[in-house]
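So you can see what is in the structure, the chains are spelled out below.
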Amino acid sequence: MEQLQRLPGVGPKSAQRLALHILKRPEAEVEALAQALIEAKKQIGLCSVCFHLSAEPVCEICRNANRDNNTICVVADPRDVIALEKTREYKGKYHVLGGVISPIDGIGPEQLTILALQRRVGQQKPQEVILAISPSIEGETTTLYIGQLLKPFTKVTRIAFGLPVGGDLEYADEVTLARALEGRRELD
């Protein structure tokens with residue numbers, strides 16, 4: 001239970017429930033799970049171009065000749081790439097920072113892949129870099145830092161933030177409403 005509780009989003013009760021479930025499963029099934037975890041840890045690394053998760057030196061997205069090389073979408077975490085890919089809307093390439101700037105946690109630009117992004121933009125000369133970083137304090141700091149760093153070399157944009165589909169105005173906080181107003185666009 002202690003080991004399971006180390007996983008993100010797994011509290012004491014969930015860890016207990018998972019541990020008891022695993023103990024009830026056939027030994028072969030438990031061994032298959034353990035082996036799958038070990039193999040994933042051994043085989044999955046980071047793409048040498050974009051730093052997304054990959055079993056190959058260069059990930060499938062970076063190798064895909066049908067992807068748009070003129071845009072790079074910068075995200076904090078591989079989970080963000082997965083979320084954006086689920087939309088099937090974005091057709092460009094990605095760059096995964098590996099986190100956000102957080103001085104309190106001892107994370108500065110040097111601990112992230114920002115220097116690699118700067119080199120990549122200088123070499124590939126994309127037409128646009130899209131910053132798709134969550135609007136937390138740390139995310140805003142990271143967005144502003146990267147924006148200032150890359151503006152001399154390319155067009156830098158950020159994704160719009162606002163109300164979720166089905167959300168009510170009365171329940172939205174002031175920052176979300178302000179962002180929704182800032183990100184407004186003309187009706188088609």
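Residues numbered from 1 in each chain as written. Predicted model: local features only at pLDDT ≥ 70, side-chain atom pairs only at ≥ 80, totals over all residues. Heavy atoms only, no water.

### A look at the packing of helix α6 (residues 114–124) against helix α7 (residues 137–150)
Their axes nearest at 11 Å, the elements α6 and α7 cross at an angle of 30°. As far as their axial angle goes, α7 and α6 are roughly parallel. Note that α6 runs across α7; the crossing there is right-handed. Mapping the contact onto sequence places Ile114, Leu117, Gln118 and Val121 in α6 and Tyr145, Ile146, Leu149 and Leu150 in α7. The residue inventory of the contact of α6 with α7, partitioned by class, reads seven nonpolar, one polar and no charged. (Axes fitted to C-alpha atoms, helices over the stretch in contact; angles between N-to-C directions. Helix = DSSP H or I, 4+ residues; strand = E, 2+ residues; numbered from the N terminus. Parallel < 35°, antiparallel > 145°, perpendicular 65-115°, else oblique. Left-handed = near helix turned anticlockwise from the far one by under 90°. Contact = heavy atoms within 4.5 Å. Nonpolar A, V, L, I, M, F, W, Y, C, P; charged D, E, K, R; others polar.)

### Some points on the sheet that holds strand β3 (residues 68–75)
The strands making up a sheet associate through hydrogen bonds between their backbones, and the pairing can be parallel or antiparallel. If you walk across this open sheet you meet the four strands as β4-β3-β5-β6, and the pairing is parallel. Each having just a single partner strand, β4 (92–96) and β6 (155–158) make up the two edges of the open sheet. Ignoring strand direction, the axes of neighbouring strands in this sheet form an average angle of 25°. Pairing of β3 with β4 involves five bridges; the strand directions are parallel. In the sheet register, valine 75 faces β4, and the bridge partner there is valine 96. (Pairing = 2+ DSSP bridges.)

### What about the UniProt feature "domain: Toprim" (unreviewed entry) in the protein?
Per the UniProt record, "domain: Toprim" (unreviewed entry) is found at residues 70–164. The distance from the first to the last C-alpha atom of residues 70–164 is 29 Å, and the span holds 37% helix and 20% strand. (UniProt positions renumbered as here; feature names shortened; annotations may be inferred.)

### Overview of the environment of threonine 143
Note that threonine 143 resides in helix α7. The exposure class of threonine 143 is buried, given its relative accessible area of 6%. When the C-alpha atoms of threonine 143 and cysteine 62 are compared, they prove to be 23 Å apart, with 81 residues separating the residues in sequence. Those residues in contact with threonine 143, other than ones at most four positions away along the chain, are Leu131, Ile133 and Arg158. (Buried < 20%, exposed > 50% of the residue type's maximum accessible area, 1.4 Å probe, protein only.)

### Things to note about α6
Listed in full, the buried residues belonging to α6 are Ile114, Ala116, Leu117, Arg120 and Val121. The buried residues of α6 all sit within an arc of 155° when viewed along its axis, so they share a single face. Away from its buried face, by an angle of more than 90 degrees, α6 presents the exposed residues Leu115 and Gln123. Looking at the packing, one finds that the buried side of α6 touches β3, β4, β5 (128–131) and α7. (Arc of directions from axis to C-beta.)

### Points about the packing of aromatic side chains
Considering all chains together, one arrives at one aromatic pair under this definition. Ring geometry for tyrosine 90 versus tyrosine 94: centroids 5.1 Å apart, planes at 65°, classification edge-to-face. Both residues of the pair, tyrosine 90 and tyrosine 94, count as buried. (Phe/Tyr/Trp six-rings, centres within 6.5 Å; stacked < 30°, edge-to-face > 60°.)

### Here's the deal with the pairing of β6
In the sheet, β5 pairs with β6 via four bridges, with the strands oriented parallel. Following the sheet pairing, leucine 131 is matched in β6 by arginine 158. Read as a crossover between parallel neighbours, the route from β5 over α7 to β6 is right-handed. (Right-handed = clockwise from strand over helix to strand, strands pointing away.)

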